[in-house]
Amino acid sequence: MGTAWKRIPPPAIAVVALVAVPTVVVAIALGLLAAPRFGTAWAVSAGVAYLVLAAAVAPLVLRVDEVRVRRASRRFVQGFEDAAIGMAILAPDLRLVRVNDALCDLLGRPAEDLTGHSILEFTHPDDLIPSVAKQKSIIKGDGAPIRKRYVRPDGAVVHVMLTSAFVDPGDAEPYFFSQLQDVTEQHRAERQKAAIAALGRRALDVDSRTLMNEATGIVCDILEAHSCLAFRRLADGEMRLAASSSDDGSGPLTVPIDASQTGYTVLRNESVVSNDLVAETRFAVPAIVFERGLRRALSVPVPERAGLRHALLVHAPASGRAFGVEDVRFVEAVANVLGGALDHAATEDELRRRALEDPLTGLGNRALLMSHLERELRHGARLGSRLSLLLLDLDRFKAVNDTLGHAAGDALLRQVATRLSACVRDEDIVARPGGDEFVVVSTRTDSDQAIARIAQRLIDAFAEPFQVEGRELSCGASMGIAVAVSGEETAGELLRDADVAMYRAKEIGGGRFEVFDATLRERLVERLTVEDDLRHALERDEFELHYQPLVALEGEDVVGFEALLRWRHPQRGLVQPLDFIEIAEETGLIRPIGSWVLQTACAELANMPEPIYLSVNLSALQVSHDLVDEVEGLLKRYELRADRLVLEITERLVLEPRTKPVVERLRGLGVHVALDDFGTGYSSLGSLQRFPIDVVKLDRVLLRALADESGPAVLTAVVELGRALGLRVIAEGIESRDQLDRLRHIGCVLGQGFLFARPLPLAEARRLVDPPADADRDAA
């Protein structure tokens, strides 16, 4: 009997209890109510009859409830088996008791390989300890879902979201009821998104080659592929391996562009997926790919501004999932990051190239020349070899600029560069450090005869006339040669020695070459002597200022002066600026000398009558924010009206970004700024409008062009533009009455030149603006 009751389901027992108790109560109540009226015997009989009837109905009630319970159980089993997500019942020791088909598919194993085994056998090794810890927390009531990884038989890792509950029926063994939802794709998408973001940040910190290597590794890891390769398109029609996720790669280093998958991708500019390389007919697959068991491939072009030059290629074995749309999108996102990095690197390379390249001729500039020289000198010192530097300076080039204009001069320089480049070997370098100077550095000069042959070949390159703007121009060159033989020469010394030799060649008559020797060294020593004297000239009070008048052209009245520096040397006499200014700038002495000029000019301007103003030339080395403070201090010291001081800068300085802020601060003080030597080729009419100036001084080259057909038109345009912009226009170098009349005719108001006066000592200049006072002092 006891055993039979145990077979009755608990819900049925509950139903019996709920029915039996009320029945007995009702039977007793009927007996008590019927006894007084019908007698005790009858009342007992009625109660017993009611109980018999209730006993007969009870099995029917139990049978109906049992059917309901069985139906609910079948529905649970059906739902468990047919669920779209994995479901499992586990024993307390985590042995799988029951699993559904979805879980079998998820773990890649049949039910018989799962039941009876611990779920830990299929858990990723790194998740074992967290799994045990989670089991204990679930028993305590923690029902929060967690992410876990399981390993399939083929080694693939499956990411799931696991939700578990601990069930303790009380009269039966407790168990875990678990639901496992596959979130592998979601996890992969999250990793891909994070990888793209991280790669984008790395693009800011590393060079493009390093980034490409890192990118191939990331793609290979996230797609769980065998390898990821980056190929670069070559000019000869091949694809060369540029980066790889592994050392062995998955193919040859170079493949034909018209037969490879990467070439196919680049030529068609589209992503290519092949999940069966054996059946592939669109492109050839290298045999080594099949030898390594690779059967799937994904390739994506890398977009670059310069065109399609790179492609990514991913290889994977036949096992595992096929490449899909999301994989393509991920690799395309990586390719976009690489494309941006490659574009950035190309821009930097272009800027670096421009920084080392002469923009006019395409040759190396001075920076590249010095770098190459230093490198070759170190190499020559190690090997004991000789190096020759040949410095060429064009003869009569200034005449080309003066007569035909700077456009013709530029065209001539470009042709010279082409001819010189054709005379040297590929390993030699031709550079244009500046102006009309060219340098050839050669290492094939083991003998004096070899040096002479190279030099003569370069000189002969000028024998043929140049064709410039439909004209034939004959232009020779003078050359100086310096040879490094001791291994102790520096690039600067070699260039300086060649410069000395070149000037010697010009002195002799030009169109020839000279080799630097002891005699020329003596000349260099002389130059160094001048440099040394110049260093002491300031402290010995050997400098003085001369003043060239600036006149109003209509009445030829003096309205101002330009202060010009002179050096009165104790032995050499009065030295002109052309003989020492260049040395002062090269040595940096121009800074203290320039400060002396500015202070002296302001002091002497304070003694000149108003509204006479004074112009002072500035060296490029003086133009800095310290200059503004210096000028402001001098204006206060000498109580000068700021607009009486005019500071002149050259056209070349207009091109330097550092100049404009300094000029704007000077003008903020009220000081006027003049653009000197306008027309020498560095500025344009547009620069008059864009650059903050008050005065424009026309170079004497423009005045000499007055006789040309277009000369007056150019001057008229400049004068009219200056007037429209509110600028004072000053014509420099007026030497004849004819020039004066032409300038008056086109409306030029101010000028200076030998026609009016040469630069004068202070006393003579003062007499031009204050003759009565000077006359009274002379009489006294």
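Conventions used here
- Residues numbered from 1 in each chain as written.
- Predicted model: local features only at pLDDT ≥ 70, side-chain atom pairs only at ≥ 80, totals over all residues.
- Heavy atoms only, no water.
- Helix = DSSP H or I, 4+ residues; strand = E, 2+ residues; numbered from the N terminus.
- Buried < 20%, exposed > 50% of the residue type's maximum accessible area, 1.4 Å probe, protein only.
- Contact = heavy atoms within 4.5 Å.
- Areas by Shrake-Rupley, 256 points an atom, 1.4 Å probe, with all protein chains shown as cover.
- Axes fitted to C-alpha atoms, helices over the stretch in contact; angles between N-to-C directions.
- Parallel < 35°, antiparallel > 145°, perpendicular 65-115°, else oblique.
- Nonpolar A, V, L, I, M, F, W, Y, C, P; charged D, E, K, R; others polar.
- Expected span 1.5 Å × (residues − 1).
- Pairing = 2+ DSSP bridges.
- Core = buried A, V, L, I, M, F, W, Y, C linked by side-chain atoms within 4.5 Å.
- pLDDT = per-residue confidence, 0-100.
- Salt bridge = Lys/Arg side-chain N within 4 Å of Asp/Glu carboxyl O.

**A word on the overall build of the chain**
Within the chain, the secondary structure is distributed over 27 helices and 27 strands. Looking at the chain as a whole, 42% of its 780 residues are labelled buried. Of the contacts made within the chain by residues no fewer than 6 positions apart, 60% connect residues no fewer than 24 positions apart. Surface summary for the chain: the accessible area is close to 39800 Å², and the carbon and sulfur share equals 54%.

**Some points on the packing of helix 6 (residues 184–202) against helix 7 (residues 208–222)**
One way to put it is that helix 6 packs onto helix 7 with a least axis distance of 11 Å and a crossing angle of 175°. Between helix 6 and helix 7, the interaxial angle falls into the category roughly antiparallel. Residues Arg 188, Arg 191, Gln 192, Ala 195, Leu 199 and Arg 202 of helix 6 lie in contact with helix 7, whose contacting residues are Leu 211, Glu 214, Ala 215, Ile 218, Asp 221 and Ile 222. Grouping the amino acids of the contact of helix 6 with helix 7 by side-chain chemistry returns 6 nonpolar, 1 polar and 5 charged.

**Describing helix 15 (residues 491–508)**
In a regular helix each residue adds 1.5 Å, so 18 residues correspond to 26 Å; helix 15 covers 26 Å between its end C-alpha atoms and thus fits that length. Among all positions of helix 15, only Ala 491, Leu 494, Leu 495, Asp 497, Ala 498, Val 500, Ala 501, Met 502 and Ala 505 are buried. Positive phi shows up at Gly 509, right after helix 15, with a value of about 145°.

**Notes on unusual backbone geometry**
Here the bond from Glu 610 into Pro 611 is cis, since omega is 5°, no more than 30 degrees from zero. Of note in the backbone geometry, Glu 469 takes a positive phi value of approximately 50° without being a glycine. Following the sequence through the fold, Glu 469 ends up in the loop between strand 15 (466–468) and strand 16 (471–473). Not every positive phi belongs to a glycine, and Glu 639 is a case in point at roughly 50°.

**A look at the sheet that holds strand 14 (residues 437–442)**
The strand order across the open sheet built from 5 strands is 13-14-12-17-18, with neighbouring strands paired in mixed fashion. If you trace the sheet from one side to the other, it starts and ends with strand 13 (429–434) and strand 18 (513–515), each paired once. For this sheet the average axis-to-axis angle between neighbouring strands, irrespective of direction, equals 20°. Both strand 17 (residues 477–484) and strand 18 contribute to a ladder of 3 bridges, which runs parallel. Considered in strand 18, the bridge of Gly 480 is made with Glu 514. Helix-sheet contacts for helix 11 (residues 366–383) involve strand 12 (387–394), strand 13, strand 14 and strand 17, and the interaxial angle to strand 13 is about 135°. Against the sheet, helix 15 engages strand 12, strand 14, strand 17 and strand 18, with an angle of about 145° to strand 17.

**Overview of the nonpolar core**
Judged by nonpolar contacts, the single largest core of 72 residues is most densely connected at Leu 534, Val 631, Leu 647, Ile 649 and Leu 743. Here this core takes 7 residues from helix 18 (residues 590–605), the largest share from any one element. The residues touching Leu 743, leaving out its near neighbours within four places in the chain, are Leu 553, Leu 703, Leu 715, Ala 731, Ile 734 and Cys 748. In this structure, Leu 392, Val 400, Ala 411 and Phe 438 belong to the second largest nonpolar core, which totals 33 residues.

**Quick look at the environment of Asp 497**
By secondary structure assignment, the location of Asp 497 is in helix 15. Through-space distance from the C-alpha of Asp 497 to that of Ala 482 is 5.8 Å; in sequence the pair is 15 residues apart.

**Quick notes on the confidence of the model for the chain**
Residue-level pLDDT values for the chain average 84, and 86% of them are 70 or greater. A low-confidence stretch, residues 1–8 stays under pLDDT 50, and its non-local contacts, those more than four residues away or across chains, total 2 contacts. Counted against residues more than four places away or in other chains, residues 773–780, with its pLDDT under 50, gives 4 contacts.

**What to know about the pairing of strand 13**
Here strand 13 lies mainly inside the structure; 5 of its 6 residues are buried. Examined bridge by bridge, strand 13 and strand 14 share 4 bridges and lie antiparallel to one another. Each bridged residue has a counterpart across the sheet, and for Gly 434 the counterpart in strand 14 is Glu 437. Taking the residues that link successive antiparallel strands as the turn, the strand 13-strand 14 hairpin has 2 residues, and the phi of Gly 435 there is positive, at about 55°.

**Describing the sheet that holds strand 5 (residues 175–182)**
Strands sit in the order 2-1-5-4-3 across an open sheet of 5 strands; the sheet is antiparallel. Two strands bound the open sheet, and with one partner strand each, they are strand 2 (96–99) and strand 3 (146–151). Across the sheet, the mean angle separating the axes of adjacent strands is 35° when strand polarity is ignored.

**Side note on the pattern of salt bridges**
Applying the stated rule across the entire model yields 35 salt bridges. Note that Arg 496 is salt-bridged to Asp 497, the shortest N-O span being 3.8 Å. For Arg 496, a relative accessible area of 33% corresponds to the partly exposed category. Take Asp 497: its relative accessible area is 9%, and that puts it in the buried class. Of the charged contacts, one joins Asp 738 and Arg 742 as a salt bridge, the two residues approaching to 3.2 Å between their closest N and O atoms. One end of the pair, Asp 738, and the other, Arg 742, are both in helix 25 (residues 737–746), 4 residues apart, so they sit about a helical turn from each other.

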